[in-house]
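# Fold and contact review
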Amino acid sequence: MAKIAVLGSGTGSNFQALLEEFADEIVLVISDQPGAGILEKAKAAGIPTALEEGGPRLSARILKRLDGIDLICLAGYMRLVKDPLLSAFPKRILNIHPSLLPMYPGKAAWEQVLADKAEVTGCTVHYVDAGIDTGEVILQEKVAILMNDTAKTLHARIQIAEHRIYPEAVRLVLKKMTGGAL
Ligand code: GRF
């Protein structure tokens, strides 16, 4: 069975969605934020956690903890993944982003979309490369923008879609990794 590590900085709702489907596979949660909800959620679920705050050799420190891990899922992780971590997991690091990439990469994408008066947005699961939200797309779901949407209501609806496509994308990637034998 594949072993998955989840990295996150925030509330951890995507982690929770992944956990519902991959309770046996998720074996570690790492955060850079001491008070992050994702750590609380992991602890409540009995999953080992680690705190790796920013600073020198962050990627090397994280990598050291990932012995035996097959797949990394970023779930609201607010840092760039760099070497040596990045090259140790080629096509083995996924991220969820709240827009239809390549449109609106970067922070608070739902605010950028509203400012642009766009009619549709969505979310994307993609492989992580050295750029900001530039890796190959695995799965996307569209989300309509409603007339009265605020940043909060739009983000909440995008998150509902995220919680659908992230587990689905992980399933696809695991299937590829095991040659379809899942
Ligand atoms: C999500 O909207 C995700 O797209 C972005 O960060 C947010 C994380 O939310 N990368 P959560 O911590 O999973 O609730």
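Residues numbered from 1 in each chain as written. Predicted model: local features only at pLDDT ≥ 70, side-chain atom pairs only at ≥ 80, totals over all residues. Heavy atoms only, no water.

## Considerations on the overall build of the chain
Basically, it comes down to this: Secondary structure elements are taken from DSSP: a helix is a run of H or I of four residues or more, a strand is a run of E of two residues or more, and numbering for both begins at the N terminus. Taken over C-alpha atoms, the radius of gyration is set against a globule rule of 2.2 Å times the number of residues to the power 0.38. Whether two residues are in contact is decided by their heavy atoms, any of which lying within 4.5 Å being enough. Method for areas: the Shrake-Rupley scheme with a 1.4 Å probe, in which residue coverage is limited to the protein chains shown.
In terms of regular secondary structure, the chain is built from six helices and seven strands. Traced from its N-terminal end to its C-terminal end, the chain shows the element sequence β-α-β-α-β-α-β-α-β-α-β-β-α. Taking 2.2 N^0.38 as the reference for a compact globule, 182 residues should give roughly 16 Å; the C-alpha atoms of the chain span a radius of gyration of 16 Å, in line with that estimate. When its C-alpha atoms are laid out on the principal axes, the chain stretches across 50 × 40 × 30 Å. Nonlocal contacts in the chain, meaning residues at least 24 apart in sequence, comprise 56% of its contacts between residues at least 6 apart. For the chain, the exposed area adds up to about 9200 Å²; of that, 55% sits on carbon and sulfur atoms.

## Considerations on the side chain of Ser13
Cut-off, in case you're wondering: Here a polar contact means two N or O atoms within 3.5 Å. Within protein one must be a hydrogen donor candidate and the other an acceptor candidate, and residues neighboring in sequence count only if both atoms are side-chain atoms.
Relative to the helices and strands, Ser13 resides in helix 1 (residues 13–21). Within the structure, Ser13 has its side chain in polar contact with the side chain of His163 (distance 2.9 Å).

## A few points about empty space enclosed by the protein
Note the cut-off: Cavities and pockets were defined on a 1 Å grid built from protein atoms only: a cavity is a group of points that admits a 1.4 Å probe but offers it no way out, a pocket is an open group of points flanked by protein on both sides within 12 Å along at least five of seven lines, and a lining residue is one with an atom within 4 Å of any such point. Grid points are joined across faces, edges and corners, and a volume is the space filled by probe spheres set on the points. In this classification, the charged set is Asp, Glu, Lys and Arg, the nonpolar set is Ala, Val, Leu, Ile, Met, Phe, Trp, Tyr, Cys and Pro, and all remaining amino acids, among them Gly, are polar.
If you walk through the whole model with that rule in mind, you get one cavity of 30 Å³ or more. One number sums up the size of the largest cavity: a volume of about 30 Å³. Around the largest cavity, the lining residues are Leu100, Met103, Tyr104, Val113, Val120 and Thr121. For the lining of the largest cavity, the class distribution of residues is five nonpolar, one polar and no charged.

## Looking at the site of the ligand
Put simply, the rule reads: Put simply, a residue is near a molecule or strand once any heavy atom of it comes within 4 Å of that molecule or strand.
Around the ligand, the neighbouring residues are Gly10, Thr11, Gly12, Ser13, Asn14, Gly76, Ile96, His97, Pro98, His155, Gln159 and Glu162. Taking Ile96, its main chain carries an N or O atom lying 3.0 Å from a nitrogen atom of the ligand. His155 is positioned with one of its side-chain polar atoms (N or O) 3.0 Å from an oxygen atom of the ligand. Calculation on the ligand without its partners gives an accessible area of 370 Å², and the protein chains cover 88% of this total.

## Comments concerning the layout of surface pockets
Counted as a void, the largest pocket has a volume near 710 Å³. Lining the largest pocket are 33 residues, and of these Gly76, Tyr77, Met78, Asn95 and Ile96 sit closest to its centre. Of all the elements in the fold, those that place two or more residues in the lining of the largest pocket are helix 1, strand 5 (93–97) and helix 6 (151–177). Class assignment of the residues belonging to the lining of the largest pocket gives a composition of 13 nonpolar, 15 polar and five charged.

## A word on the sheet that holds strand 5
How we decide: A pair of strands is considered paired only if DSSP assigns at least 2 bridges between the two. Convention adopted: a line fitted to C-alpha atoms gives each axis, helices being fitted over their contacting stretch, and angles between N-to-C directions are expressed from 0 to 180 degrees.
The strand order across the open sheet built from seven strands is 3-2-1-4-5-6-7, with neighbouring strands paired in mixed fashion. Of all the strands in the sheet, just strand 3 (49–51) and strand 7 (137–144) have a single pairing partner and so form its edges. The mean inter-strand angle of the sheet, taken between neighbouring strand axes irrespective of direction, is 20°. In this structure, strand 1 (residues 4–8) lies alongside strand 2 (residues 26–31), joined through five bridges in parallel fashion. Bridge assignment links Leu7 to a residue of strand 2, and that residue is Ile30. Relative to strand 2, helix 1 is tilted by about 175°, and along the sheet it contacts strand 1, strand 2, strand 4 (71–74) and strand 5. Sheet strands touched by helix 6: strand 1, strand 4, strand 5, strand 6 (120–127) and strand 7. Its angle to strand 7, the strand with the most contacts, is close to 160°.

## Regarding unusual backbone geometry
The peptide bond linking Asp83 to Pro84 adopts the cis configuration, its omega dihedral lying at 10°. Residue Pro102 is reached from Leu101 by a cis peptide bond, and omega for that bond is 10°. For Pro102, the position within the fold is in the loop between strand 5 and helix 5 (109–115). In the Ramachandran plot, Ala108 falls in the positive-phi region, its phi being about 40° despite a non-glycine side chain. Of note, Ala108 is situated in the loop between strand 5 and helix 5. Look at Asp133: it is not a glycine, yet its phi comes out positive at around 60°. Secondary-structure assignment places Asp133 in the loop between strand 6 and strand 7.

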